[in-house]
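# Summary of the model geometry
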Amino acid sequence: MSNSAVPGRVVATKEIFDALPWFVCILLTLTALTGYASLDALILLTITSLVPNSWRVARTTLSLFTGVVFSIAVLLAFADSALNYFFARSVDIQYDLLLIPTVWDLVAQSSGTFTAFIVFAAGFSLLAALGWLGAQVIKNSRPIISLRSVKIPLLVATGFFVWAEVPSKSPISRTVSGLQGAVNIHNREDPFEQILLAAENKVLKLPWNLKQVSGQDVMLLFVESYGRVLWDDPAARAAFKPIIEQGQKDLEAAGYYVASTFMHSPTYSGRSWLAHMTVLTGVTTQHQSEWQRMLTSRVLPLAHYFNLAGYETVTVAPNIDIKEWPEGDFFQFKKNFWAPDINYKGPRYGWSMMPDQYLLLQIHKQIIEQSTDPIFAEVTLTTSHAPFITPPFVDETPLREEALIAKYNSQKPPKGPVIWDLTPEKYISSVNYSLKSVWQFLAQEYPRQGTFIVLGDHQPANPVHRVNARSLGHHWDVPFHLVTKDETIYNRAIESGFTPGLMPNEKAEPRPMEAAYALLLTLFSEQP
């Protein structure tokens, strides 16, 4: 062995130990911040470590690109963790990006525009800083020039390990997979097509003459975040049960029959529109891509049958503030009753543009009193939407618009970060308000014959839960109440497994929410 070989080995060894700490630092940082090692960043790190320092353009380009991938990995990991905690789902890249304006509106309206700007600016600044840091660390680390070093096998072995264990968590592969899924939905090449075909065939076998509710109004009243946690949590149950018991007494005193069950929602903690789509079409719609596909399907929504029966069909959505929505033609409602039509002049309560009691008053004033035809309405009640900012009262006097507005304006709701304290007590208070408003509206204010479905769209977010709904098997369950003066409809519901009253049988197996479609057509139609 020549003497000249020794210094070379020393230099190579020095380079190995110069570069190895950077590699370990990057790998550990990725793992700590993202919950997994980003396969894409790891591959780019391997490539960059082989590029000599003299190739400055190549090393700079690769390091910057690696920094971008690193930022994407952090963003996806944070989003995955947050969405799994709050909504029990992972990131749906191609559609979640479209929800950014909605998130901005939620934060801005509940906490102020300045707070929203600070939150978004801080988030983007943090991502940019992480990307820059990753790029600088990689750019300034010494390259490995000796194939005999221990780092090359280490990188290769780690790469294969990551590839085998977590390919679906790679930012780039996740993005490509998501986009490919959207393409498959668009090209109608996914399994959901078979579900749609089955639904189209099934509806042909259902009764739909609606003669049992002939001349009656029919309303679906979706209570935001009204979930089974109110039964499962003993403290929540104690605070919630009096509203249920009093509501049942008032409804029965007004001549209503009441029956209840639990249903299994397709969504959790958010994306209420998936639950609405499921009830209105009889097709379980769990993903935004499926919802988009439903809008172009041949499935007939519930409003179709009510239109044929001569009903005035209306969708009531107080938080939709646009004038037109062409895609909504799929649902076949003759009339949209949205925020611009309601023209509310009072304060906003968090995400909810107006209190539920005021909305019900406007339904009475602008829809019921103005229509000589029976009404079929899908109503979205929003007061119990997070963050939970409950109006200070339910007015139990005969409802008057001017009096309600005056009281709301005299007791304006709080704003700022303080309202994001998502405690169970605030949640229970908001649901109690919504239900009390509904019971009073039906028992004291409703002027015509009607049959009503009062149901939850999904469970509330995890911070509200003091019990483990997942371990109980109730993660997705929501209550479903039938309120009617038609004894035949009531008896049919009881025969189908409903429990008398507003307290569902907690031991009974919950029905899938898609079953509501066939159930309602069967309950409301004259039997052969």
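Use the structure listed above.
Quick notes on the rules
- Residues numbered from 1 in each chain as written.
- Predicted model: local features only at pLDDT ≥ 70, side-chain atom pairs only at ≥ 80, totals over all residues.
- Heavy atoms only, no water.
- Helix = DSSP H or I, 4+ residues; strand = E, 2+ residues; numbered from the N terminus.
- Buried < 20%, exposed > 50% of the residue type's maximum accessible area, 1.4 Å probe, protein only.
- Contact = heavy atoms within 4.5 Å.
- Areas by Shrake-Rupley, 256 points an atom, 1.4 Å probe, with all protein chains shown as cover.
- Pairing = 2+ DSSP bridges.
- Core = buried A, V, L, I, M, F, W, Y, C linked by side-chain atoms within 4.5 Å.
- Salt bridge = Lys/Arg side-chain N within 4 Å of Asp/Glu carboxyl O.
- Patch = residues over 30% accessible without salt bridge, like charges linked within 9 Å, V, L, I, M, F, W, Y side chains within 5 Å.

### Observations concerning the overall build of the chain
For the chain, the count of helices and strands is 21 helices and nine strands. Burial statistics for the chain: of 528 residues in total, 54% are counted as buried. For the chain, long-range pairs separated by at least 24 residues make up 79% of all intrachain contacts whose partners lie at least 6 apart in sequence. Total accessible area on the chain is roughly 24,100 Å²; 61% of this is exposed by carbon and sulfur atoms.

### Points about helix 12 (residues 272-281)
Helix 12 sits mainly inside the fold: nine of its ten residues count as buried. In the stretch just after helix 12, glycine 282 is the one whose phi turns positive, near 75°.

### So, the pairing of strand 6 (residues 450-456)
Within a regular beta strand, the side chains point alternately toward one face of the sheet and then the other, so they alternate between its two faces. Extensive coverage of strand 6 is indicated by the burial of seven of its seven residues. Side chains Gly450, Phe452, Val454 and Gly456 project from strand 6 onto one buried face, and the interleaved Thr451, Ile453 and Leu455 project onto a second face that is buried too. By the bridge criterion, five bridges tie strand 6 to strand 7 (residues 477-484) in an arrangement that is antiparallel. Of the residues in strand 7, the one forming a bridge with leucine 455 is phenylalanine 480.

### Here we look at the nonpolar core
One recurring pattern in soluble globular proteins: nonpolar side chains tend to sit buried together. Formed by 58 residues in total, the largest nonpolar core has its most connected members in Leu230, Ile363 and Leu435. Here leucine 230 is in contact with Ala236, Arg237, Phe240, Tyr427, Ile428 and Val431, once residues within four sequence places are set aside. Counting residues in hydrophobic clusters, the runner-up holds 48 residues, among them Leu210, Phe480, Ile489 and Leu520.

### Thoughts on the environment of aspartate 373
Counting through the fold element by element, aspartate 373 comes out in the loop between helix 16 (356-368) and strand 5 (375-381). Distance from aspartate 373 to tyrosine 311, taken between C-alpha atoms, is 6.0 Å for residues 62 residues apart in sequence. With near-sequence residues (within four places) excluded, aspartate 373 lies in contact with Asp217, Gly310, Glu312 and Arg448.

### Overview of the pattern of salt bridges
Evaluation of the coordinates by the stated rule reveals six salt bridges. Note that lysine 241 and glutamate 245 form a salt bridge whose closest N and O atoms lie 3.8 Å from each other. With lysine 241 and glutamate 245 both in helix 11 (residues 234-253) and four residues apart, this pair spans about one turn of that helix. The class for lysine 241 is partly exposed, based on a relative accessible area of 33%. Overlapping salt bridges bring together Arg228, Asp232 and Asp477 as one network.

### What about a nonpolar patch on the surface?
Taken together, the side chains of Trp104, Phe114, Phe117 and Ile118 present a nonpolar region at the surface, about 440 Å² in accessible area. Here the element with the most residues in the nonpolar patch is helix 6 (residues 113-140); it accounts for three residues. Relative to the helices and strands, isoleucine 118 resides in helix 6. For isoleucine 118, a relative accessible area of 40% puts it in the partly exposed group.

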